Amino acid sequence: MPRLLPSLTLGAIVVFAAGPAHSAEPTPDPWKTALAFDYNAAADTFAELHAADPTDTRTAIAYASALLVKQPRTKANILLARDLLLRAHHTAAASPDNRVLALYLLARVELDHLDPAQPDSARARLEQLRRDHPAHALSDQAAVQLAYFLAYPPAGPDTDALPEIEKLLASVQTPEAARDLHHLLGSFHLRLLRNASAALPHFIAARAVGFEQPLRDAESDLTIANLARETGDTALARKHYAAFLAAAPRDTRADTVRHLLASPEAPLAHPAQ
Amino acid sequence: MSRLRNLLAVFAVVGAFSWSAWHVLSHRRAESASDRITLRVGHWLLHAGMREAFDEAAADYMRLHPNVSVEQIPVPIRAWPSWLRTQLIGGTAPDITGLLSANEELATRYFLPLSDHIASPNPYNAGTSLAGLPWSDTFVDGLAAMRNLTPTSGDIHSVNLQLNTLRLYYNKPLLKSVTGSDTPPSDYASLRALEDQVARYNRERGTRLTPIASCGPYSQYLFERLLPSQTQKLAVALSPLRTFQLPVIELARLVEAGELSFAQTPEFAASLRLLRDVGSLMSIGYESRQRDDALFDFLQEKAVMIYAGSWDYGVFVRDGDFPVGLTQLPLPTEDDPVYGRFVIGPPSEANGSPEATLGIVRTSQHPEIALDFLHFLTSHAMARKFSDMSLRMSAIAEVPPPASAPELAPQIEGEIAGFMPDFRGYGGGNANMVFQRNLHLLTGPTGSVEAFAAKLDAELPRALRTDSEILAGRSLRDIQRLDAHLGLVLTQPESDRNQTATRLLETRHLRQADYLHYLQR
């Protein structure tokens with residue numbers, strides 16, 4: 001017994017030191033935990049919540065979301081996430097918002113999370129979402145995903161898809177989806193068809209809606225101003241150069257823009273001049 | 001005897017534990033009993049003047065707020081990355097902690113967002129020229145560099161006290177001995193002439209002076225300032241969305257597709273020629289030397305000049321036994337007969353690299369006091385004090401550079417920058433490795449632009465494909481993370497949401513567009 005005394009004493013010290021401190025801490029909100037990038041801890045908490053009430057579709061979708069990024073990334077986790085989303089979508093008692101969200105996320109999982117991807121199934125789900133829930137905001141987001149499908153088939157960018165994408169654009173109602181479709185169309189005209197005149201109205205329409213990403217409006221102003229300059233619309237160029245300078249006066253490009261604002265006709269370096 | 005030894009060991013451990021526990025508890029009790037708040041600031045800024053500046057700032061703040069005690073915890077830079085992670089994960093990081101080496105995940109997970117505060121004025125700027133301006137607008141770059149750290153959320157989690165700039169420092173008496181004047185070269189041709197002037201000086205005096213002391217990292221800094229002068233017009237011409245910028249991913253696509261070539265594209269050939277040209281001014285074997293080697297060469301008067309950071313200015317002033325001058329690196333101008341053809345003008349330095357980045361950890365017991373102290377640190381008056389004491393450039397607008405070195409101020413006015421042709425930082429670094437591994441074909445005694453360009457054209461496309469595959473993996477993981485965040489945000493009660501689903505969708509569409517356009521195979 002005396003031989004054990006040192007070990008027992010040390011053990012008691014460790015237990016005393018580590019013991020009660022954590023017992024009273026409340027369980028942290030798993031949504032906040034996950035959105036602060038601690039996916040594993042969040043997934044564990046969501047798993048407990050889901051086990052306690054499997055019919056709660058809100059928790060099931062959140063649990064599936066955390067599983068998509070839980071480390072290490074495993075096929076089992078992705079498949080479990082897909083199953084959770086499938087069940088959430090088919091749960092009659094689920095709120096309409098959650099059923100639509102589950103369907104949208106299912107398409108995303110099949111497209112960019114499963115390996116190999118299941119593009120046909122993903123596309124079918126996006127079309128179902130568009131068909132069954134046309135008034136929902138995520139229906140418009142499904143249209144953006146379908147536009148990407150059309151624009152970038154496995155063989156590479158397809159400029160023949162432009163009319164179909166225009167149709168999708170005409171069908172959406174939310175400004176954010178319209179903005180991102182305009183941006184896609186503008187980029188297509190500019191980068192692939194080298195058609196500045198056709199690209200310009202799309203970039204203007206996207207800018208009119210406005211972006212939420214910091215300084216992206218300013219970037220968009222610069223695109224519009226330079227395209228307007230290329231196509232000879234100096235008044236439009238001036239307006240958007242000025243907007244760029246107002247938003248980003250200390251940008252490394254600001255001085256160049258100041259010079260162009262003063263004389264938009266002056267040559268710089270673009271092949272169009 | 002053995003038993004006694006064991007008991008002594010136990011008493012020693014119990015004693016140490018009791019003393020530690022008493023120390024911690026009494027410290028906390030004293031703090032709570034007196035309502036005294038201790039704010040800790042952890043940083044890696046041990047350079048001359050920085051710790052003293054933090055002490056001064058703490059003393060000034062404590063005079064204004066007698067109930068607050070500010071303690072700084074300086075950590076050597078070599079230990080910083082592991083120290084930072086350990087402290088953050090253990091929940092013991094100081095209230096205000098530096099973000100050096102923090103990626104987006106660490107910044108978002110462990111630091112409070114400051115986005116809600118940057119639109120409001122910094123109260124400590126009252127009565128100054130920055131009064132009433134949004135806090136973000138009081139920074140030289142509008143906090144753009146801090147925003148770029150966390151593109152997924154778009155939040156800002158840190159502010160930076162200082163900016164780094166790079167300058168050409170010169171030994172005034174030595175320059176006068178070599179060139180007949182202590183006025184530094186004002187154009188690239190004069191800088192280039194230094195090679196012959198130093199060679200003649202060495203022949204006449206039997207010395208072994210080098211025109212520019214250098215090392216691997218510092219030569220890279222010089223190339224990154226000099227070489228883009230040759231690609232300014234190309235960046236404008238090739239900018240895919242007409243933003244005057246050529247993303248490296250687009251450059252990689254153009255080279256991989258053979259639309260740009262080091263042998264055929266004149267701007268690339270001019271960049272390589274310039275690299276070979278300026279390389280001959282530097283210490284022999286500069287690629288494999290370290291910072292200390294370059295600094296010793298300059299301080300021991302074995303070199304006339306050194307291209308170094310604003311962070312080195314204090315070292316030269318303190319340790320140099322000679323008067324030091326500093327100037328902008330002279331770049332080729334439009335009228336340069338050899339290199340002027342592709343130049344638009346001297347580029348702006350508004351995007352100077354941020355230094356002394358600080359944020360508030362989520363575990364801080366006093367986040368509101370920490371925020372107030374950050375306001376205080378980044379106020380015009382305090383930034384000026386920091387600048388004067390540390391001899392470094394403040395990141396706060398309208399704060400002058402150190403009085404003895406006005407040349408350290410970033411040159412905000414200037415044209416758009418070109419780009420480097422070396423693919424540094426792209427994908428897994430394979431293309432950059434090809435560039436670096438074959439550099440001897442360009443810079444060696446028998447080196448030639450043609451041989452180097454031919455090698456790059458032969459080997460780069462394959463390396464770029466590998467790098468693009470690596471980038472595709474990263475890009476896809478980013479997209480997957482945005483999907484997960486969308487599911488999480490849309491299942492959160494609306495009252496708890498501090499980011500919008502539309503912003504997440506916009507960010508993901510941006511990533512998807514790049515991924516599909518460039519990386520999908």
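Residues numbered from 1 in each chain as written. Chains lettered and ligands numbered in written order. Predicted model: local features only at pLDDT ≥ 70, side-chain atom pairs only at ≥ 80, totals over all residues.

Observations concerning the overall build of chain A
Basically, it comes down to this: Secondary structure counts use DSSP, requiring at least four H or I residues in a row for a helix and at least two E residues in a row for a strand, with both numbered from the N terminus. The burial criterion counts other C-beta atoms lying within 10 Å of a residue's C-beta, which is placed from the backbone; the residue is buried at 20 or more, exposed at 12 or fewer, and partly exposed between these limits. Two residues qualify as being in contact provided that their C-beta atoms, derived from the backbone, are within 7 Å of each other.
Regarding its fold elements, chain A presents 14 helices and 0 strands. Secondary structure of chain A in N-to-C order comes out as α-α-α-α-α-α-α-α-α-α-α-α-α-α. The 273 residues of chain A split such that 45% are buried. Contacts spanning at least 24 positions in sequence make up 42% of the contacts within chain A whose residues lie at least 6 apart.

Looking at the domain arrangement of chain B
Here is the rule we go by: As used throughout, domain bounds are those supplied by an automatic or database domain assignment.
Examined at the domain level, chain B breaks down into domain 1 (1-29), domain 2 (35-159 + 352-407), domain 3 (166-348) and domain 4 (424-521). The C-alpha-based centres of domain 1 of chain B and domain 3 of chain B are spaced at 60 Å.

Side note on unusual backbone geometry
With an omega dihedral of -10°, the bond running from Gln71 of chain A to Pro72 of chain A counts as a cis peptide bond. Among the secondary structure elements, Pro72 of chain A is positioned in the loop between helix 4 (57-69) and helix 5 (75-90). Looking along the chain, the bond that leaves Asp115 of chain A and enters Pro116 of chain A is cis, with omega of 5°. Note on placement: Pro116 of chain A falls in the loop between helix 6 (96-112) and helix 7 (119-132). Here the phi dihedral of Arg242 of chain B falls at roughly 55°; this positive angle occurs in a residue that is not glycine. Along the chain, Arg242 of chain B turns up in the loop between helix 9 (232-238) and helix 10 (248-256). Take Arg242 of chain B: there are 23 C-beta atoms within 10 Å of it, and that puts it in the buried class. Positive phi values are uncommon outside glycine, yet Ala356 of chain B reaches one of about 55°. Considering the arrangement of structural elements, one finds Ala356 of chain B in strand 9 (residues 353-360). Classification of Ala356 of chain B as buried rests on a count of 27 C-beta atoms within 10 Å.

Structural notes on the sheet that holds strand 4 (residues 159-164) of chain B
Residue and element names in this part refer to chain B. Applicable threshold: Here a strand pair is declared whenever DSSP counts at least two bridges between the two strands. Note on method: axes are straight lines fitted to C-alpha atoms, helices fitted across the in-contact stretch only, with angles between N-to-C directions ranging 0 to 180 degrees.
With respect to topology, 6 strands assemble into an open sheet ordered 2-1-3-9-4-10, the strand pairing being mixed. Looking at which strands have only one partner, the edges of the open sheet turn out to be strand 2 (68-74) and strand 10 (393-394). Relative to strand 10, strand 4 runs antiparallel, the two sharing 2 bridges. By the bridge assignment, Gln162 is partnered in strand 10 with Ser394. Strands strand 1 (37-43), strand 2, strand 3 (96-98), strand 4 and strand 9 of the sheet are contacted by helix 14 (residues 367-377), whose axis makes an angle of about 155° with strand 9.

Looking at the interface of chain B and chain A
Size of an interface: often given as the accessible area lost when the parts come together. Convention followed: Each residue receives one of three labels: charged for Asp, Glu, Lys and Arg, nonpolar for Ala, Val, Leu, Ile, Met, Phe, Trp, Tyr, Cys and Pro, and polar for the others, Gly being one of them.
In this assembly, 58 residues from chain B lie in contact with 54 residues from chain A. For the side of chain B that touches chain A, the elements supplying multiple residues, two or more each, are helix 1 (2-33), helix 4 (104-110), helix 9, helix 18 (449-491) and helix 19 (501-519) of chain B. Here the side of chain B that touches chain A gets 11 residues from one element, more than from any other, and that element is helix 18 of chain B. Residue composition of the side of chain B that touches chain A, by class: 24 nonpolar, 20 polar and 14 charged.

Regarding the confidence of the model for chain A
Selection criterion: A residue's pLDDT is the confidence the predictor assigns to it, expressed on a 0 to 100 scale.
Residue-level pLDDT values for chain A average 90, and 88% of them are 70 or greater. Low pLDDT, under 50, characterises residues 18-23 of chain A; the stretch is placed with 0 contacts to residues that sit more than four places away or in other chains.

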